[in-house]
Amino acid sequence: MTQFDNATVTITGGTGSFGSTMVHALLDRGVGRINILSRDEAKQDEMRQRLGDSRVKFFLGDVRDYSSVEDAVTGADYVFHAAALKQVPSCEFFPEQAVKTNVVGSRNVIRASHQSGVRSVVCLSTDKAVYPVNAMGMSKGLMEKTAQAFARNHPASPTTVSITRYGNVMYSRGSVIPLFVRQLKEGTPLTVTEPTMTRYLMSLQESVDLVEHAFLNASPGDLFVKKAPACTVETLARAVSIVLGYGDPEVRRIGMRHGEKMFETLLTREELIKSEDQGDYFRVPLDARSLEYELFVEEGEPGEVDLVDYDSNTTEQMGVEQTCDLLRTLPEIQAVLAESAR
Ligand SMILES: O=c1ccn([C@@H]2O[C@H](COP(=O)(O)OP(=O)(O)O[C@H]3O[C@H](CO)[C@H](O)[C@H](O)[C@H]3O)[C@@H](O)[C@H]2O)c(=O)[nH]1
């Protein structure tokens, strides 16, 4: 990843799980400077002390506030846009807040990057943006459209804007795996919503790799998806318990939560038809047709009719053993195992 040598990279939402993994990866690659834009001064202070690296600069601000975005992206070569409201329940109850951060905030990041001549912006999206049923997914879907509309409307911009869409990131803050770990340690039953519900599973490192892939390969408006396996939540609960040495767990079924889906979709069949298979990734190019009436209304595009969506029910399904193997590769699980061995 030599293109990051001495480069300046801005990360919005840089103190979150994704942001901090990205910071470590960039520091290892000899980045010149990292600007972190985020809202939480305490998290910034904690990160500043933990890293102790003068290449990392902290900007207190909010993507909703254009001037704070401007300050953080000025002089940057690359921007990773990870700041978002991403909790499904909170967005369900405060959808206008999701619009302000995920849609207006993303527009601010893209505009400010364009104004200051940033080379490339990668916007992080989620499978929940596809066929969205909750406000978080809907607002992320609109973020994707905002990014694509920018690319379509600014063909001469020096700034390449692209999107990465990913599934559940294992062990991210507030997600189910750390919850299961806590419940096992406390000796309480594992709370499983619906046993047959499926989710894609990706590691934090894989999601960072996906962003790097986007930086290396994106044309304006591209959308990238990492191919990933999936499993049911019941399988996941059993695998977490087995890997940590608790055997077959006691499970309490709690039912589906607000705004949840039984499975998630990474690519619709319509996107899949247009996509380029890049091995580990799918690339969906921008639909760059302009707003010319006959192209939208009279002429369509040929496509394969027998393709199906790429979703967490149709992708490779992992059993308990395979899920255990995947979990064992996670540094967080290794840390829990090391701690209990002491
Ligand atoms: O007590 C629980 C909590 C969750 N689940 C299940 O475990 C799976 C994963 O749940 P998570 O809460 O880990 O993930 P979500 O798919 O709900 O959402 C996750 O992915 C989102 C992005 O897509 C956001 O990042 C969000 O914060 C993050 O938790 C789901 O099927 C859920 O129903 C349980 O079985 N028991």
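Residues numbered from 1 in each chain as written. Predicted model: local features only at pLDDT ≥ 70, side-chain atom pairs only at ≥ 80, totals over all residues. Heavy atoms only, no water.

Before we go on, may I ask you to explain the overall build of the chain in this structure?
Summing up its helical and strand segments, the chain has 13 helices and 16 strands in all. Against the 2.2 N^0.38 benchmark of 20 Å for 342 residues, the chain shows a C-alpha radius of gyration of 20 Å, consistent with a compact globule. Once the C-alpha set of the chain is aligned to its principal axes, its extents read approximately 60 × 55 × 40 Å. Counting only residues that meet the buried cut, the chain has 52% of its 342 residues in that class. (Helix = DSSP H or I, 4+ residues; strand = E, 2+ residues; numbered from the N terminus. Rg over C-alpha atoms; globule rule 2.2 N^0.38 Å. Buried < 20%, exposed > 50% of the residue type's maximum accessible area, 1.4 Å probe, protein only.)

What exactly am I supposed to notice about the packing of helix α1 (residues 17-28) against helix α8 (residues 204-217) here?
Axis angle and axis distance: for two packed helices, these are the angle between their axes and the distance between the axes, and together they describe the pair. Contact geometry of α1 with α8 gives a least axis separation of 10 Å together with a crossing angle of 65 degrees. The angle between the axes of α1 and α8 places the two elements in the roughly perpendicular class. Along this stretch, α1 crosses α8, giving a crossing that reads as right-handed. Of the residues in α8, those in contact with S17, F18, T21, M22 and A25 of α1 are L204, Q205, S207, V208, V211 and E212. The class makeup of the residues in the contact of α1 with α8 is 6 nonpolar, 4 polar and 1 charged. (Axes fitted to C-alpha atoms, helices over the stretch in contact; angles between N-to-C directions. Parallel < 35°, antiparallel > 145°, perpendicular 65-115°, else oblique. Left-handed = near helix turned anticlockwise from the far one by under 90°. Contact = heavy atoms within 4.5 Å. Nonpolar A, V, L, I, M, F, W, Y, C, P; charged D, E, K, R; others polar.)

Sorry, what's going on with the site of the ligand here?
K128, V176, T191, T193 and E260 are the nearest of the 19 residues found near the ligand. T126 places a polar side-chain atom, nitrogen or oxygen, 2.8 Å from an oxygen atom of the ligand. Between an oxygen atom of the ligand and a side-chain N or O atom of N168, the distance comes to 2.8 Å. Contributing elements (two or more residues each) for the shell around the ligand: α7 (176-186) and β8 (190-192). The class makeup of the residues in the shell around the ligand is 7 nonpolar, 6 polar and 6 charged. (Near = heavy atom within 4 Å. Polar contact = N/O pair within 3.5 Å; in protein donor to acceptor, adjacent residues only side chain to side chain.)

What exactly am I supposed to notice about the state of the cysteines here?
The bond known as a disulfide is covalent and runs between the sulfur atoms of two cysteines. Taken as a whole, this structure holds 0 disulfides when the rule is applied. Note on C231: no disulfide assigned, nearest cysteine sulfur contributed by C324 at a separation of 9.9 Å. Residue C231 is classed as buried on the basis of its relative accessible area of 2%. (Disulfide = S-S within 2.5 Å.)

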